[in-house]
Amino acid sequence: MNVAPRFGTGHRVLVTGGAGFVPSHLVDRLVERGCTVVALDNFVTGSKENVAHLLDTPTFTMVEADISDGLPAHPTLAERFDAILHMASPASPTDFEKLPVEILRVGSVGTLHLLDRALADGARFLMASTSEAYGDPKEHPQRETYWGNVNPIGVRAVYDEAKRFSEAATMAYHRSRGLDAAIVRIFNTYGPRMRPDDGRAIPTFISQALRGEPITVHGTGNQTRSICYVDDLVRGILLLLDSTETGPINCGTEHEMSMRQLAETIVSLCASSSEVTYITRNADDPEMRRPDLTLARELLGYEPTVSPEEGLRRTIAYFRSRLG
Ligand SMILES: NC(=O)c1ccc[n+]([C@@H]2O[C@H](COP(=O)([O-])OP(=O)(O)OC[C@H]3O[C@@H](n4cnc5c(N)ncnc54)[C@H](O)[C@@H]3O)[C@@H](O)[C@H]2O)c1
């Protein structure tokens, strides 16, 4: 299955959360293709630094705004968009506790504002959903047909349910109003531009290993995740954007490993003397995560190519350069 590029030179693309970790990589690829890209971000978890290299590029504009309040009056937002990618949302477990209402708002009213705009523009709309839509899954690996196992009042619910609402809203606009829409369910992704202190396992373990501090694994460390290097994910998202598929479609890798294995691998790749220690596990932390990638392969021709060792090496090099 070959998906031909649908968005390139002359197309205007809006990326919400554009200064964040994953979205800033997407912005890079879209600018490289020749798209005129507007990144909209309130910098709640993102950083201007992630797009600083683009600020002099005439086809790139950074707009500071909170999408939960709607699209602001700005000359570059007045023109029609060909595609809108809703990537904005805090996404780390520490954010779930620190920014619960903000997460609920960006994944509900924020999504509705963008769906209305995409409909008005006749734009393709891509919703960044998550493997968290499956909650603590009872099916393994997770196929898109699985409805999930989410605690609707738990600490993670603000994120899981907001994304599930966004999926429902996207499907409603697609079915009832004919919106050209797509939903990607993103599994754990890592790479350069993650914040060292964002509370997710990989940046935390790498920062601890590079500083020679104890590695703090939650619980027994037997819980698993399937980790995806950001370049692979971004390629998958662009394939979905270029296609006419609606999804939802899983995107990630089948490189499933326990948190204990991950910690040990990172210590070894960092050549660190850090000891692996175990601390209290977060409530409702899923036991296992692995995407079934059949749909992504069959419908998009998606295939992740970066091994965990290679991806972790690149990420460690990035963190090392920043820790000085
Ligand atoms: N990285 C992953 O493993 C992963 C997994 C599943 C889903 N996702 C989804 O991918 C997207 C990007 O995640 P990330 O890991 O790059 O996180 P990130 O926090 O680095 O990026 C999110 C960006 O959205 C911005 N933002 C948040 N609320 C906003 C608002 N109301 N208005 C404008 N901007 C706002 C933040 O400032 C940040 O720049 C998120 O939607 C996330 O839910 C990521």
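Details of the structure are given in the entry above.
So, here's what we can say about the structure. Just so we're clear, the structure is a prediction, and the values are computed from it rather than from any experiment.

### Describing unusual backbone geometry
Okay, so step 1: Omega for the bond connecting His140 with Pro141 falls within 30 degrees of zero, at -10°, which places this linkage in the cis form.
Okay, so step 2: Positionally, Pro141 belongs in the loop between strand S5 (124-130) and helix H6 (157-177).
Okay, so step 3: Residue Pro248 is bonded to the preceding Gly247 through a cis peptide linkage, with omega at 0°.
Okay, so step 4: Note on placement: Pro248 falls in the loop between helix H8 (230-242) and strand S11 (249-251).
Okay, so step 5: Not every positive phi belongs to a glycine, and Phe43 is a case in point at roughly 60°.

### Observations concerning the side chain of Asp41
Okay, so step 1: Looking at the secondary structure, you find Asp41 in strand S2 (residues 36-41).
Okay, so step 2: Although Asp41 lies buried, it forms no salt bridge, and the closest oppositely charged side chain, Lys48, sits 9.5 Å away as judged by the N-O distance.
Okay, so step 3: At 3.0 Å, the side chain of Asp41 and the backbone nitrogen of Ala19 are in polar contact.
Okay, so step 4: Setting aside its immediate chain neighbours within four residues, Asp41 contacts Gly17, Gly18, Ala19, Gly20, Met62, Val63, Glu64 and Ala65.

Analysis parameters
Residues numbered from 1 in each chain as written. Predicted model: local features only at pLDDT ≥ 70, side-chain atom pairs only at ≥ 80, totals over all residues. Heavy atoms only, no water. Helix = DSSP H or I, 4+ residues; strand = E, 2+ residues; numbered from the N terminus. Buried < 20%, exposed > 50% of the residue type's maximum accessible area, 1.4 Å probe, protein only. Lys, Arg positive; Asp, Glu negative; His and termini not counted. Salt bridge = Lys/Arg side-chain N within 4 Å of Asp/Glu carboxyl O. Polar contact = N/O pair within 3.5 Å; in protein donor to acceptor, adjacent residues only side chain to side chain. Contact = heavy atoms within 4.5 Å.

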